[in-house]
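Residue-level structural notes
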Amino acid sequence: MEHRIKLSAEKVSKTFRIRGGGGTPDSFLPVLRNVSFDIFEGEIVSIIGESGCGKTTLLRIIQGLIRHDAGDVKVDDKVVVKPGRDRGFVFQQASLLPWRTARANVEFGLELQNIPPAKRREKAQDLLALVGLSHAQEQFPHELSGGMQQRVNLARALAIDPAIMLMDEPFSALDAQTREVLQAELLRIQQEVGKTTIFVTHDLDEAIYLSNRVIVLAAKPGRVKEVIDIPFDHPRPPLPELRGDPRFQELRGRMWELIRSAPAVAA
Ligand SMILES: Nc1ncnc2c1ncn2[C@@H]1O[C@H](COP(=O)(O)OP(=O)(O)OP(=O)(O)O)[C@@H](O)[C@H]1O
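This report concerns the structure included in the present document. Just so it is clear, the model here is predicted, and its values are computed rather than measured.

1. Details of the nonpolar core
By size, the foremost hydrophobic cluster in this structure holds 48 residues, and its most contacted members are I48, V106, V152, L154, I230 and M255. In terms of residues, this core owes the most to one element, helix α4 (residues 146-159), which gives six residues. Among residues more than four places away in sequence, those in contact with V152 are L96, A102, N105, V106, L128, L133 and L144. Within the second largest apolar cluster, 27 residues are counted, among which are L7, I61, L166 and I198.

2. What to know about α4
For α4, spanning 14 residues, the distance from its first C-alpha to its last is 20 Å, which sits close to the expected 20 Å at 1.5 Å a residue. Most of α4 sits inside the fold, with eleven of its 14 residues counted as buried. Considered for burial, the residues of α4 that qualify are G147, Q150, R151, V152, N153, L154, A155, R156, A157, L158 and A159. In the core, the buried residues of α4 are packed alongside β6 (87-90), α2 (102-112), α3 (117-130), β7 (164-168) and α5 (176-193).

3. Describing the side chain of R100
Following the sequence through the fold, R100 ends up in the loop between β6 and α2. Reaching out from R100, the side chain makes a polar contact with the side chain of E111 at a distance of 2.9 Å. Non-local contacts of R100, meaning those with residues more than four positions away in its chain, are made with N105, F108, E111, F140 and P141.

4. A word on the pairing of strand β3 (residues 44-48)
Of all five residues making up β3, five are buried, and the element is well covered by its neighbours. Residues I44, S46 and I48 line one face of β3 and the alternating positions V45 and I47 line the opposite face, and both faces are buried. Where β3 lies against strand β9 (residues 213-218), four bridges are found, and the strand directions are parallel. When the sheet's bridge partners are listed, I47 is paired in β9 with I215.

5. What to know about the site of the ligand
As a matter of local geometry, the ligand sits amid 14 residues, with S51, G52, K55, T57 and H202 nearest to it. Between T56 and the ligand, the recorded distance is 2.9 Å, taken from a backbone N or O atom to an oxygen atom. Secondary-structure elements contributing two or more residues to the shell around the ligand are β1 (5-18), β2 (27-40) and α1 (55-63). The element that contributes the greatest number of residues to the shell around the ligand is α1, accounting for three residues. Taken together, the residues of the shell around the ligand break down into five nonpolar, six polar and three charged.

6. Observations regarding the packing of α3 against α4
Viewed as axis vectors pointing N to C, α3 and α4 meet at an angle of 135°, and their least axial separation amounts to 9 Å. One element, α3, and the other, α4, form an angle in the oblique class. Crossing of α3 against α4: the hand is right-handed. Judged by residue contacts, K123, L127, L128 and L130 of α3 engage V152, A155, L158 and A159 from α4. Looking at the contact of α3 with α4, its residues break down into seven nonpolar, no polar and one charged.

Cut-offs used in this document
In every chain, residue numbers begin from 1 and rise along the written sequence. In keeping with the predicted nature of the model, local features appear solely for residues at pLDDT of at least 70, side-chain atom pairs appear and are counted solely at 80 or more, and the whole-chain, interface and lining totals rest on all residues. With hydrogens and water set aside, each side-chain value is computed from the structure's full complement of heavy atoms. Residues enter a nonpolar core if they are buried and are Ala, Val, Leu, Ile, Met, Phe, Trp, Tyr or Cys, with the set joined through side-chain atoms within 4.5 Å. Throughout this description, buried means an accessible area under 20% of the type-specific maximum (1.4 Å probe, protein chains only), exposed means over 50%, and partly exposed covers the range between. Secondary structure follows DSSP: runs of H or I at least 4 residues long count as helices, runs of E at least 2 residues long count as strands, and numbering of each begins at the N terminus. Any pair of residues with heavy atoms lying within 4.5 Å of one another is described as a contacting pair. A helix is expected to span 1.5 Å for every residue after the first. Pairing of N or O atoms within 3.5 Å defines a polar contact, subject to two protein rules: one partner must be a possible hydrogen donor and the other a possible acceptor, and residues neighboring in sequence count only if both atoms are side-chain atoms. We treat two strands as partners when DSSP finds at least two bridges between them. Here a residue counts as near a molecule or strand whenever at least one of its heavy atoms sits within 4 Å of it. Polar here means any residue other than Ala, Val, Leu, Ile, Met, Phe, Trp, Tyr, Cys and Pro, which are nonpolar, and Asp, Glu, Lys and Arg, which are charged; Gly is therefore polar. To obtain an axis, a line is fitted to C-alpha atoms, over the contacting stretch when the element is a helix, and the angle between two such axes runs from 0 to 180 degrees between their N-to-C directions. Angles are sorted into four bins: roughly parallel if under 35 degrees, roughly antiparallel if over 145, roughly perpendicular if 65 to 115, and oblique for all others. The sense of a crossing depends on the near helix, which, turned anticlockwise from the far helix by less than a right angle, makes the crossing left-handed and, turned clockwise, makes it right-handed.

Everything listed here is a matter of geometry and, on its own, says nothing about what the molecule does.
Pasting the structure below:
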């Protein structure tokens with residue numbers, strides 16, 4: 001992995017205005033304060049923190065869907081002001097177009113870029129092979145399991161070849177077994193494509209298993225509490241095996257303490 005900065009958040013702050021209504025004045029909810037970090041080319045970084053600490057808000061700011069009040073997000077040193085093809089997004093729900101086959105769903109973003117049909121088809125087929133779905137390309141979303149739908153979703157996001165993948169709890173709606181399979185698959189795919197990825201999760205084991213580094217956010221308002229390096233080499237053994245490593249348990253304990261303990265002093 002290179003140590004070139006792909007994305008940086010520089011003192012990002014956001015306060016939501018909550019409308020009072022019925023004569024009550026509006027109130028203000030500070031959600032993020034002075035959040036700063038760098039993400040290097042090719043790494044997976046997870047963001048963890050207690051519910052409501054601003055993880056999704058941060059990801060949406062990076063996506064360009066929510067405007068922050070202060071600070072900057074930069075991709076390749078360019079300030080983000082709106083959504084763009086340089087950032088691909090994978091949500092918790094696969095949100096595939098139900099009237100399109102798996103392949104046609106993956107081709108969707110390529111159509112918007114006016115890529116010729118033969119090339120689109122070839123690229124979609126390659127990506128479906130990458131996510132292990134060559135056999136299901138002509139199936140419709142309702143014919144696919146939740147795990148398969150999320151694989152299509154991943155292929156669709158990769159199709160536009162974004163500089164960065166933003167993933168917001170993409171596996172949290174799946175059963176435990178499917179989730180572990182997809183976590184391992186994501187690592188395998190990452191070894192192949194080396195895509196810079198920011199991954200939001202509640203699941204500490206998932207964060208440790210997938211990541212090069214983990215950003216722990218403190219809550220109310222969200223701030224970076226600590227950035228933790230994950231020392232395990234690639235390829236990593238399956239998660240159940242890695243859990244047996246004492247360093248894994250130590251990291252887990254430390255993250256748990258950080259999330260539970262009093263918030264960091266606001267910068
Ligand atoms: N558009 C909005 N308007 C007002 N408040 C909002 C808005 N979006 C989010 N919030 C509030 O901001 C806070 C942070 O929400 P956010 O979804 O970013 O947290 P999160 O860490 O992703 O939570 P979870 O882990 O539960 O998904 C919450 O209190 C939420 O209610």
